[in-house]
Amino acid sequence: MKIGLFIPCYVDALYPEVGVSTYRLLKSLGLDVEYPERQTCCGQPMGNAGFERKAEPLAAKFDQLFSPYDYVVAPSASCAAYVRFFHPNLLKGHSCDAAGKTMDIVEFLHDVLKVERLNAKFPYKVSVHNSCHGVRELGLSSPSERHVPKFNKIIDLLRLVDGIEVVEPERPDECCGFGGMFAVEEQAVSRRMGIDKVKRHIATGANYVTGPDSSCLMHMQGIAEKENLPIHFIHVVQILAAGL
């Protein structure tokens, strides 16, 4: 199994430790992992802002780089979802082999590798943040509005970590207010949603908030720092790789 590692642009620029943890974790599981150095943005910022034509060449380049791999794995639910569900429309009439093989790290570990054991240790109480793309596009956890049996692939994996205590906030799948361009165009609403979400995480008594999207964590971390709220933030892959 040959894995193409896709590191989203904001992870590369702001949270390179998340990319490194993803690579180390996949390698520790005995996988053949490559990081194509010519990769760029997947086009999600342009697409979400209404400039889909500007995203088309990025989607084409993504497909060219990642088509040779068996799976494309990314530490980002939102970027993985954009590639899988929007690239085929952007490249209509052209081959789009990579999109169907692109997965978030959580669903890849849970659904493909079916990991049952990890050599990770994280002796802290952790509150799980279920990001909107992860819940409603990738199916990482059950959406409350559908009234289906509850499941959470993030929690399933975290329970393999030694010493961890996993909790969820009230309204576990409610948006944190980031939403990409939403946080820019509706700043006041975004901030209010973020404050409410962070306070719900704090109410669990957790030391850390974790989730599959650095963008959501970044939004909440910025709010916590501005409001002097006592909570820390860490990507789920950093916990799963802790101690490697």
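Residues numbered from 1 in each chain as written. Predicted model: local features only at pLDDT ≥ 70, side-chain atom pairs only at ≥ 80, totals over all residues. Heavy atoms only, no water.

Asker: Can you break down helix α4 (residues 52-66) residue by residue, with the values?
Answerer: With 15 residues, α4 extends 20 Å from end C-alpha to end C-alpha; this agrees with the ideal 21 Å at 1.5 Å per step. Among the residues making up α4, those that are buried are A55, L58, A59, F62, D63, L65 and F66. Down the axis of α4, the buried side of the element spans an arc of 160°, and every buried residue falls inside it. In α4, those exposed residues whose orientation departs by more than 90 degrees from the buried face are R53, P57 and Q64. Turning to α4, the residues buried within the fold contact β1 (2-5), α3 (44-48), β3 (71-74), α5 (77-90) and β4 (102-104). (Helix = DSSP H or I, 4+ residues; strand = E, 2+ residues; numbered from the N terminus. Expected span 1.5 Å × (residues − 1). Buried < 20%, exposed > 50% of the residue type's maximum accessible area, 1.4 Å probe, protein only. Arc of directions from axis to C-beta. Contact = heavy atoms within 4.5 Å.)

Asker: Which residues make up the environment of G243, and what are the values?
Answerer: Relative to the assigned elements, G243 resides in the segment after α12 (236-240). By relative accessible area, which is 78% here, G243 ends up exposed. In this structure, the C-alpha to C-alpha distance between G243 and F122, residues 121 residues apart in sequence, is 8.3 Å.

Asker: Can you explain the side chain of S141? Please cite residues and give values.
Answerer: Within the fold, S141 resides in the loop between α7 (132-136) and α8 (153-158). Classification of S141 by relative accessible area gives buried; the value is 3%. Filtering out sequence-adjacent residues up to four positions away, S141 remains in contact with N130, G134, V135, F151 and N152.

Asker: Give a description of the sheet that holds strand β8 (residues 232-235) that names residues and reports values.
Answerer: The four strands lie next to each other as β6-β5-β7-β8, forming an open sheet whose pairing is parallel. Strand pairing shows two members of the sheet lacking a second neighbour, β6 (165-167) and β8, which therefore form its edges. For this sheet, the mean angle separating the axes of adjacent strands, direction not counted, is 35°. (Pairing = 2+ DSSP bridges. Axes fitted to C-alpha atoms, helices over the stretch in contact; angles between N-to-C directions.)

Asker: Now, about the packing of aromatic side chains: what can you tell me, with residues and values included?
Answerer: The final tally for this structure, using the stated rule, is nine aromatic pairs. For the ring pair Y124 and Y208, a centre distance of 5.2 Å and an interplane angle of 70° mean the geometry is edge-to-face. Of the two residues, Y124 is situated in the loop between α6 (105-112) and β5 (125-128) and Y208 in strand β7 (residues 208-211); the sequence distance between them amounts to 84 residues. The class of Y208 is buried, set by a relative accessible area of 19%. Three or more aromatic residues joined by ring pairs form one cluster here, namely F6, F62, F66 and Y69. (Phe/Tyr/Trp six-rings, centres within 6.5 Å; stacked < 30°, edge-to-face > 60°.)

Asker: Would you mind going over the packing of helix α2 (residues 16-28) against α6 in detail, with residue names and values included?
Answerer: Orientation of α2 relative to α6, taken along the N-to-C sense of each, is 15°, at an axis distance of 12 Å. Accordingly, the angle class assigned to the pair α2 and α6 is roughly parallel. Here the hand of the crossing between α2 and α6 comes out left-handed. The residues of α6 that touch α2, namely those facing T22, L25 and L26, are I105, F108 and L109. Residues belonging to the contact of α2 with α6 are distributed by class as follows: five nonpolar, one polar and no charged. (Parallel < 35°, antiparallel > 145°, perpendicular 65-115°, else oblique. Left-handed = near helix turned anticlockwise from the far one by under 90°. Nonpolar A, V, L, I, M, F, W, Y, C, P; charged D, E, K, R; others polar.)

Asker: So, the layout of surface pockets: which residues are in play, and what are the values?
Answerer: If a probe as big as a water molecule is rolled over the atoms, it shows which places are left empty. Roughly 480 Å³ of volume is contained in the largest pocket. Lining the largest pocket are 30 residues, and of these Q44, S78, F178, G180 and S215 sit closest to its centre. Looking at the lining of the largest pocket, its residues break down into 18 nonpolar, 10 polar and two charged. The calculated volume of the second largest pocket comes to roughly 260 Å³. Lining the second largest pocket, in full, are F178, A183, Q187, S190, R191, I195, M218, H219, G222, I223, K226 and E227. Those elements that place two or more of their residues in the lining of the second largest pocket are α10 (187-203) and α11 (214-226). Of all the elements, α11 adds the most residues to the lining of the second largest pocket, at five residues. (1 Å grid on protein atoms, 1.4 Å probe; cavity = no way out; pocket = protein on both sides within 12 Å on 5 of 7 lines; lining within 4 Å. Points joined across faces, edges and corners; volume = space filled by probe spheres on them.)

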